[in-house]
Amino acid sequence: AQTVTQSQPEMSVQEAETVTLSCTYDTSESDYYLFWYKQPPSRQMILVIRQEAYKQQNATENRFSVNFQKAAKSFSLKISDSQLGDAAMYFCAYRSAYRGGMRFGAGTRLTVKP
Amino acid sequence: DVKVTQSSRYLVKRTGEKVFLECVQDMDHENMFWYRQDPGLGLRLIYFSYDVKMKEKGDIPEGYSVSREKKERFSLILESASTNQTSMYLCASSLTGERGKSPLHFGNGTRLTVT
């Protein structure tokens, strides 16, 4: 079974600074997708960014970018120019291209200091 | 926008009660999922369904069952609620196409307390 590990339970960043959240995963499959979700206090899960395993290019969405290292099975999220609204729980997730649901890490709580 | 609606935001039940958590999506998605979220454990997959009347066990199905009689509705059933089932429950849906590429769309969650 696939597992997803987020080793940082909590992180903090100063407003306007850059922060990187770590994620590693374990799988024997070659075709899969990786996601970062954000969960603010409202509890609504919001998709931040998606990476396709067969693409070497790292995904980017505005201030959010990933560093995808397939051989190392690492998928970190970089948030640039952090804003107060970025404060939330962030979950890394894995989804097989073949079958099954999405597997999530334990989450990282990000605090943004003004 | 996809809307996934969970019938209750908060629910309090007694030990031994049969509990139904309802989820409805309005985007004709084939796939639906139930997760529970606990601090330090993230989201764990309970059950999922690829189509009407189809279901598959996730990683922690014990103590739960599901029902999918209509495409838009996916119900999670706690046959006899226990205190260790106190948790946040999240429902999600997604398209089948694109082999795993489709993201999950989530409801707002039901915080269930079993006393």
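Just so you know, the residues in each chain are numbered from 1, in the order the chain's sequence is written. Chain A is the first chain written and ligand 1 is the first ligand written, with later ones labelled in order. The predicted nature of this model means local features are confined to residues of pLDDT at least 70 and side-chain atom pairs, given and counted, to a pLDDT of 80 or more, with totals for whole chains, interfaces and linings taken over all residues. Working from all heavy atoms in the structure, the side-chain values ignore hydrogens and water.

Concerning the interface of chain B and chain A
Residue-level contacts link 31 residues of chain B with 25 residues of chain A. What gets called buried area is simply the loss in accessible area from a 1.4 Å probe that two parts show on being joined, summed for both. Where chain B abuts chain A, roughly 2300 Å² becomes buried across the two surfaces, and 44% of that area is made up of carbon and sulfur atoms. We define a salt bridge as a side-chain nitrogen of Lys or Arg found within 4 Å of a carboxyl oxygen belonging to Asp or Glu. The interface formed by chain B and chain A contains 1 salt bridge. When the shortest N-O distance is used, the salt bridge between D59 of chain B and R103 of chain A registers 2.7 Å. By the criterion applied in these results, polar contacts are pairs of N or O atoms within 3.5 Å in which, for protein atoms, one can donate a hydrogen and the other can accept it, and in which residues neighboring in sequence qualify only through two side-chain atoms. Counting every contact that joins chain B to chain A gives 11 residue pairs in polar contact (both at pLDDT 80 or more). Mapped onto the side of chain B that touches chain A, the elements with two or more residues apiece are β4 (31-38), β5 (42-49), β9 (87-94) and β11 (110-114) of chain B. Ten residue types, Ala, Val, Leu, Ile, Met, Phe, Trp, Tyr, Cys and Pro, are classed as nonpolar, four, Asp, Glu, Lys and Arg, as charged, and the remainder, Gly among them, as polar. For the side of chain B that touches chain A, a count of residues per class yields 13 nonpolar, 11 polar and 7 charged. We call two residues in contact whenever any of their non-hydrogen atoms come within 4.5 Å of each other. Numbering goes from the N terminus for both helices and strands, where a helix is a DSSP run of H or I of at least four residues and a strand is a run of E of at least two.

A closer look at the sheet that holds strand β7 (residues 64-70) of chain B
Residues and elements named next belong to chain B. One requirement defines pairing of two strands: DSSP has to find at least two bridges between them. Read across the open sheet, the 4 strands follow the order β1-β3-β8-β7; overall the sheet is antiparallel. Two strands in the sheet have a free side with no partner beyond their single neighbour: β1 (4-6) and β7. Along the sheet, successive strands turn relative to each other by an average axial angle of 20°, direction set aside. Convention adopted: a line fitted to C-alpha atoms gives each axis, helices being fitted over their contacting stretch, and angles between N-to-C directions are expressed from 0 to 180 degrees.

Concerning the packing of aromatic side chains
Any aromatic ring pair is given by two values, namely how distant the centres are and how the planes are angled relative to each other. In this scheme Phe, Tyr and Trp rings, the latter by its six-membered ring, pair at centre separations within 6.5 Å, and the angle between planes marks the pair as stacked below 30 degrees, edge-to-face above 60, and tilted otherwise. As enumerated under the stated definition, the model contains 16 aromatic pairs over all chains in all. Here F35 of chain A and Y37 of chain A contribute two aromatic rings whose centre-to-centre distance is 6.3 Å and whose plane-to-plane angle is 35°, an arrangement assigned as tilted. For the pair F35 of chain A and Y37 of chain A, a shared accessibility class is recorded, and that class is buried. Relative to F106 of chain B, the ring of Y37 of chain A lies with its centre 5.5 Å away and its plane at 85°, an arrangement referred to as edge-to-face. Of this pair, Y37 of chain A sits in strand β5 (residues 32-39) while F106 of chain B sits in strand β10 (residues 105-106), on two different chains. Of the two residues, Y37 of chain A and F106 of chain B, both sit in the buried class. Among the aromatic residues, those joined into a ring-pair cluster are F35, Y37, F91 and F104 of chain A together with F33, Y35, F48, Y50 and F106 of chain B. Either the NZ atom of lysine or the CZ atom of arginine qualifies as a charge over a ring when it sits within 6 Å of the ring centre and within 35 degrees of the ring normal. When the ring centre of Y10 of chain B is taken as reference, the NZ or CZ atom of R43 of chain A above it lies at 5.2 Å. Residue burial is assigned from relative accessible area. The probe radius is 1.4 Å, only protein chains are included, and a residue is buried under 20% of its type maximum, exposed over 50%, and partly exposed in between.

Here we look at the state of the cysteines
Residue and element names in this part refer to chain B. Disulfide assignment relies on a single distance test, namely cysteine sulfur atoms paired within 2.5 Å. For the structure on display, the rule yields 2 disulfides over all chains. Disulfide pairing is shown between C23 and C91; the S-S distance is 1.9 Å. Measuring handedness by torsion sign, the sulfur bridge of C23 and C91 sits at about -80° and is left-handed. With C23 in strand β3 (residues 19-25) and C91 in strand β9, this pair connects stretches of sequence that are 68 residues apart.

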